[in-house]
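# Commentary on secondary and tertiary structure
Spelled out from the first residue to the last, the chains are:
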Amino acid sequence: MGIMSKILSGGGQHTTEDYVELDLDEFDTARGEAGMSVRIAAIGEQQDVIAIKDAVYDGDIVIADITRHTTSDTTMERIVDDLRQVANEVDGDIVQKGDDQIIITPTGVSVAREKL
């Protein structure tokens, strides 16, 4: 199983213990400033959308956890509408992965709808 499959997998609950912080100073890499980041967010309420919008406007990819809401929840419908509008404004992309994640991308980044 590839690393992206593990990150984006829909099965099981994940905790902070599942992730390991890597110190890149331990590795011999030539690294410049990243032009784009992948940001992780959790949407608990409508107010959480503000930080996600800012990140997408700044050119970052956001993977948002929506497990606190059902897809038929009216709050979730408003949240998805707001995020869809942001994706359209920046000419990015938005896709819901399963019932627990939404991926929002900035300008020039699309999410493939077919699995590898």
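Residues numbered from 1 in each chain as written. Predicted model: local features only at pLDDT ≥ 70, side-chain atom pairs only at ≥ 80, totals over all residues. Heavy atoms only, no water.

As annotated in an unreviewed UniProt entry, the protein chain carries the name DUF552 domain-containing protein and comes from Halopelagius longus.

## Notes on helix α3 (residues 74-89)
Note the cut-off: Going along the chain from the N terminus, every DSSP run of H or I of four or more residues is numbered as a helix, and every run of E of two or more is numbered as a strand. Multiplying one less than the number of residues by 1.5 Å gives the expected span of a helix. Here the term buried applies to any residue with accessible area under 20% of the maximum for its type, exposed to any over 50%, and partly exposed to those in between, with areas from a 1.4 Å probe on protein chains only. Starting at the helix axis, one direction is taken to each C-beta atom, and the arc is that of these directions. By the convention used here, residues are in contact when the closest approach between their heavy atoms is within 4.5 Å.
Counted at 1.5 Å a residue, the expected span for α3 with its 16 residues is 22 Å, and the 23 Å between its end C-alpha atoms agrees. Three or more residues of α3 are buried, namely Met-76, Ile-79, Val-80, Leu-83, Val-86 and Ala-87. Across the axial projection of α3, the buried residues extend over an arc of 120 degrees, all falling on one side. Buried-residue contacts for α3 involve α2 (49-57), β3 (93-97) and β4 (101-105). Count one or two residues on from α3 and you reach Asp-91, which has phi positive near 60 degrees.

## Notes on α2
Residues of α2 that are buried: Val-49, Ile-52, Ala-55 and Val-56. Down the axis of α2, the buried side of the element spans an arc of 125 degrees, and every buried residue falls inside it. Residues of α2 that are exposed and point more than 90 degrees away from the buried face comprise Ile-50 and Ala-51. Residues of α2 that are buried in the fold lie against β1 (38-42), β2 (61-65), α3 and β4. Phi turns positive one or two residues past the end of α2, at Gly-59, with a value near 95 degrees.

## Some words on the confidence of the model for the protein chain
Going by this rule: Each residue carries a pLDDT score, the predictor's confidence in it, ranging from 0 to 100.
Mean pLDDT over the protein chain works out to 82, with 78% of the residues at or above the 70 mark. By mean pLDDT, the top-scoring element of the protein chain is α2 (95), and the lowest-scoring one is helix α1 (residues 3-8) (58).

## Notes on a negative patch on the surface
Applicable threshold: Put simply, a patch holds well-exposed residues, over 30% relative accessible area, that have no salt bridge, with like charges counted together within 9 Å and Val, Leu, Ile, Met, Phe, Trp or Tyr side chains within 5 Å. Only the protein chains shown count as cover for residues, with accessible areas throughout obtained via the Shrake-Rupley method and a probe of 1.4 Å. A pairing counts as a salt bridge when a side-chain nitrogen of Lys or Arg comes within 4 Å of a carboxyl oxygen of Asp or Glu. All tallies of charge rest on Lys and Arg as positive and Asp and Glu as negative; His and the ends of each chain are not included. Note that the charge is assigned to NZ on lysines, CZ on arginines, CG on aspartates and CD on glutamates.
A cluster of like negative charges, contributed by Glu-21, Asp-23, Asp-25 and Glu-26, occupies part of the molecular surface. Here Asp-25 shows up in the loop between α1 and β1.

## Things to note about the pattern of salt bridges
Using the criterion set out here, one finds 3 salt bridges in the structure. For Arg-39, the salt bridge identified is with Asp-60, shortest N-O distance 3.5 Å. Here Arg-39 is found in strand β1, whereas its partner Asp-60 is found in the loop between α2 and β2, with 21 residues between them in sequence. According to the relative accessible area criterion, Arg-39 is partly exposed, its value standing at 42%.

## Focus on the sheet that holds β3
Across a sheet, strands are paired by hydrogen bonds formed along the backbone, either parallel or antiparallel in direction. This is how it is decided: Two strands make a pair as long as DSSP finds a minimum of two bridges between them. Structural elements are reduced to axes, namely lines fitted to C-alpha atoms, with helices fitted over the stretch in contact, and the angle between N-to-C directions of any two is expressed from 0 to 180 degrees.
The 4 strands lie next to each other as β1-β2-β4-β3, forming an open sheet whose pairing is mixed. This sheet does not close on itself; its edge strands, each paired only once, are β1 and β3. The mean angle between the axes of side-by-side strands here comes to 20 degrees, regardless of whether they run parallel or antiparallel. Of the strand pairs in this sheet, β3 and β4 are connected by 5 bridges, and their pairing is antiparallel. Note that in β4 the partner of Gln-96 across the bridge is Ile-102.

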